[in-house]
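The residues making up each chain are set out below.
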Amino acid sequence: MTLILAIIPVLLLIILMAFFKMPGDKSSIISLIVTMLIAIFGFAFSVDNLFYSFLYGALKAVSPILIIILMAIFSYNVLLKTEKMEIIKQQFASISTDKSIQVLLLTWGFGGLLEAMAGFGTAVAIPAAILISLGFKPIFSATVSLIANSVATAFGAIGTPVLVLAKETNLDVLHLSTNVVLQLSVLMFLIPLVLLFLTDSKLKSLPKNIFLALLVGGVSLVSQYLAAKYMGAESPAIIGSILSIIVIVLYGKLTASKEEKARKSHLKTKDILNAWSIYLLILFLIILTSPLFPELRHTLENNWITRISLPINASTVNYTISWLTHAGVLLFIGTFIGGLIQGAKVKDLFIVLWNTVKQLKKTFITVICLVGLSTIMDSAGMIAVIATALATATGSLYPLFAPVIGCLGTFITGSDTSSNILFGKLQASVAGQIHVSPDWLSAANTVGATGGKIISPQSIAIATSAGNQQGKEGEILKAAIPYALVYVAITGIIVYIFS
């Protein structure tokens, strides 16, 4: 009965969004209310704990998630205001008029780099918005951005998920990082192929798509494996994404038709740099404040800090924001300075920001309710009940299902990092009981979590916001579920065979 009660919030959310096609804000409010009732009456969760758990969830939703979503969409809206998005569109068209190459470059390459640097939704919001501006349909743009924002998530935000996993389990970062890459190896080829096939499903395009997927996948796998083995968790996604971008651009240039090659771009270098100034500044600020510069990061992290302590379950939970290294703040600074460089006035930028806030009001409700829901489920013990039941029921077959637990964590919380905090220790302890390497099973948690990212309601809320498609969350969830299920099944088979 406890297990049934614990599962109800997750099932209810899926049913309301995917089958009743209810908008994200309404379905998340209903699911939150039901979760609260179950926590009080089914799990004897006190009203005080419930209040503080929701408050803690709401704080986590606002920062970093909602601030980052707001600033990511703000950066895109500024580009529309200054009309520099037209230059970026022309540049993508000048690399290749092939739609498949454009989609792969934006979602796997550029999106992967954004995930590696900032994470927390930027890799879905910005590529989806640019794809729509290039003429792709909003639902398609959202779906491919979600599917692409999977593999890179393992080492997103400068390796945060794996670094947190290593801390939670007391395991070696290099071993964990290497195992994560090995478990994701097949998907590094399959995800680019899926993206290419979704863009161009014609049978005659299949050989070209397979070759490009093998090329990009091979570069991603080799570069990420070497980076993980010798450098750790911070750099695999960064190096893999940059090399993927180079390979896709070169492929686009080499396979261009004679007409394309003959057609000269009228864009000047100065205009291109001006158009990209916002994203270049954001990238520069993220690199500058990343663990790649530990002394500067340490100084920034320990200044301008907000600390809030909340009493949950007879202990104190600390919520901390380091504003000087906050990805949302970096996005705002980069966008604001870049907007001024592009000729916008200060007043215009604040008007765009306010209009962006109004544009995202439904997203704010959705994300606050979802993160509040996940925090209540965690604090009340619902998530632990589901995970333990799965571990108990599967026995020696557990490695086959280990990624499912990671996927569940991300589906509920919207974060690979949060999934590792929730289930990292569980995976390591089960590994000891069934005589499997704890490094291998703990890595399976973060790998499964990358699959859950595809269908996380929070990620879907970000994708709908990018295309101004609020209310279509159920449609996107339904489109993305099959890919997420196959993704997690493949990781489960790999984890089981080599366990």
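Being a predicted model, the structure only gives us computed values, none of them experimental. All chains use their own residue numbering, which begins from 1 and follows the written sequence. This being a predicted model, a pLDDT of at least 70 is required before a residue's local features are given, and a value of 80 or more before pairs of side-chain atoms are given or counted; all residues contribute to the totals for chains, interfaces and linings. Excluded from the side-chain calculations are hydrogens and water; all other atoms, namely the structure's heavy atoms, are used.

Engineer: A description of the nonpolar core should follow, citing residues and the corresponding values.
Structural biologist: Most often, soluble globular proteins keep nonpolar side chains buried together rather than apart. Phe92, Ile130, Leu184 and Tyr279 are the most contacted members of the largest nonpolar core, which totals 146 residues. Among the nonpolar cores identified, the runner-up in size contains five residues, and Leu310, Ile312, Tyr319 and Ile321 belong to it. The nonpolar core is taken to be a set of buried Ala, Val, Leu, Ile, Met, Phe, Trp, Tyr and Cys residues, with the residues joined through side-chain atoms within 4.5 Å. Burial classes: relative accessible area under 20% of the type maximum marks a residue as buried, over 50% as exposed, and values in between as partly exposed (1.4 Å probe, protein chains only).

Engineer: Which residues make up the pairing of strand E1 (residues 305–312), and what are the values?
Structural biologist: Relative to strand E2 (residues 315–322), E1 is paired through eight bridges, and the arrangement is antiparallel. Within E2, the residue paired with arginine 307 across the bridge is threonine 320. Only strands that DSSP links by at least two bridges are regarded as paired with each other. Helix and strand definitions here come from DSSP, where helices need a minimum of 4 consecutive H or I residues and strands a minimum of 2 consecutive E residues; each element is numbered from the N-terminal end. Linking two consecutive strands that pair antiparallel, namely E1 and E2, is a turn of two residues; a positive phi of about 55 degrees is found at asparagine 313 within it.

Engineer: Would you mind going over the side chain of threonine 153 in detail, with residue names and values included?
Structural biologist: Tracing the backbone shows threonine 153 in the loop between helix H7 (138–148) and helix H8 (156–169). Of the residues examined, threonine 153 reaches a relative accessible area of 3% and is grouped as buried. A polar contact is formed between the side chain of threonine 153 and the backbone oxygen of asparagine 149, at a distance of 3.2 Å. We call two residues in contact when some of their heavy atoms are within 4.5 Å. Beyond its immediate stretch of four places on either side in the chain, threonine 153 contacts Glu115, Pro161, Asp416, Thr450 and Lys453. Contacts described as polar in this section are N or O atom pairs within 3.5 Å, which, within protein, must combine one atom able to donate a hydrogen with one able to accept it, while residues neighboring in sequence count only if both atoms come from side chains.

Engineer: Residue-level account of the UniProt feature "domain: Cytochrome oxidase subunit II transmembrane region profile" (unreviewed entry) in the protein, with values.
Structural biologist: UniProt positions are given in the numbering used here, feature names are shortened, and annotations may be inferred rather than shown by experiment. The feature "domain: Cytochrome oxidase subunit II transmembrane region profile" (unreviewed entry), as given by UniProt, occupies residues 1–86 in the numbering adopted here. Here residues 1–86 runs as 86% helix and 0% strand, with 57 Å between its end C-alpha atoms.

Engineer: Can you lay out helix H10 (residues 206–231) for me, pointing to particular residues and giving the numbers?
Structural biologist: The terminal C-alpha atoms of H10, which comprises 26 residues, lie 36 Å apart, in line with the 38 Å expected from a rise of 1.5 Å per residue. Within the sequence span of H10, burial applies to Asn209, Leu212, Ala213, Val216, Gly217, Ser220, Leu221, Ser223, Gln224, Ala227 and Ala228. Positive phi shows up at glycine 232, right after H10, with a value of about 105 degrees. Given a helix with a known number of residues, its expected span is that number minus one, times 1.5 Å.

Engineer: So what's going on with the confidence of the model for the protein? Which residues, and what values?
Structural biologist: Interpreting fine coordinate detail is not advised for predicted regions of low pLDDT. Per residue, pLDDT captures the predictor's confidence, and it can take any value from 0 to 100. Per-residue pLDDT for the protein averages 86, and the proportion of residues at 70 or more is 97%. Looking at the elements of the protein, mean pLDDT is at its lowest for helix H12 (residues 258–262), recorded as 68, and at its highest for helix H17 (residues 346–359), recorded as 93.

Engineer: Run through the packing of helix H5 (residues 99–117) against H7, naming residues and quoting values.
Structural biologist: At a minimum axis distance of 9 Å, the contact between H5 and H7 shows a crossing angle of 50 degrees. Here H5 lies oblique to H7, going by the angle between them. Once H5 is placed against H7, the crossing between them reads as right-handed. Contacts between H5 and H7 involve Val103, Thr107 and Trp108 from the former and Phe140, Val144, Ser145 and Ala148 from the latter. Throughout, an axis means a line fitted to C-alpha atoms (over the contacting stretch in the case of helices), and angles, computed between N-to-C directions, take values from 0 to 180 degrees. Under this scheme an angle from 65 to 115 degrees is roughly perpendicular, one under 35 degrees roughly parallel, and one over 145 degrees roughly antiparallel; angles in between are oblique. Left-handed describes a crossing whose near helix is turned anticlockwise from the far helix through less than a right angle; right-handed describes the clockwise counterpart.

Engineer: Account for a nonpolar patch on the surface, with residues named and values stated.
Structural biologist: Like charges are joined within 9 Å and nonpolar side chains (Val, Leu, Ile, Met, Phe, Trp, Tyr) within 5 Å, but only among residues with over 30% relative accessible area and no salt bridge; these make up the patches. Note on areas: Shrake-Rupley with a 1.4 Å probe; residue coverage comes only from the protein chains shown. For this analysis, a salt bridge means a side-chain nitrogen from Lys or Arg found within 4 Å of a carboxyl oxygen belonging to Asp or Glu. A cluster of nonpolar residues, Ile29, Ile33, Leu37, Phe41 and Ile365, forms a patch on the protein surface that exposes about 490 Å² of accessible area. Here the element with the most residues in the nonpolar patch is helix H2 (residues 24–42); it accounts for four residues. Here isoleucine 33 lies in helix H2.

Engineer: Please set out the pattern of salt bridges residue by residue, giving values where relevant.
Structural biologist: In the structure shown here, the tally under the stated rule is three salt bridges. As a salt-bridge pair, lysine 208 and aspartate 98 come within 2.8 Å of each other at their nearest N and O atoms. With lysine 208 in helix H10 and aspartate 98 in the loop between helix H4 (85–95) and H5, this pair connects stretches of sequence that are 110 residues apart. By relative accessible area, which is 27% here, lysine 208 ends up partly exposed. A salt bridge links glutamate 301 to arginine 297; the nearest nitrogen and oxygen atoms lie 3.3 Å apart. Residue glutamate 301 and its partner arginine 297 are located together in helix H15 (residues 294–301), separated by four residues, close to a single helical turn. The class of arginine 297 is partly exposed, set by a relative accessible area of 22%.

Engineer: Hey, could you go over the packing of helix H3 (residues 47–81) against H17 for me, with residue numbers and the actual values?
Structural biologist: As a packed pair, H3 and H17 sit with axes 9 Å apart at the nearest point and diverge in direction by 130 degrees. When the axis of H3 is compared with that of H17, the two are oblique. For the pair H3 and H17, the crossing hand works out as right-handed. Within the contact between the two elements, H3 uses Leu70, Met71, Ile73, Phe74, Asn77, Val78 and Lys81 and H17 uses Asp348, Leu349, Val352, Leu353, Thr356, Val357 and Gln359. Residues are grouped as follows: Ala, Val, Leu, Ile, Met, Phe, Trp, Tyr, Cys and Pro are nonpolar; Asp, Glu, Lys and Arg are charged; all remaining types, including Gly, are polar. Taken together, the residues of the contact of H3 with H17 sort by class into nine nonpolar, three polar and two charged.

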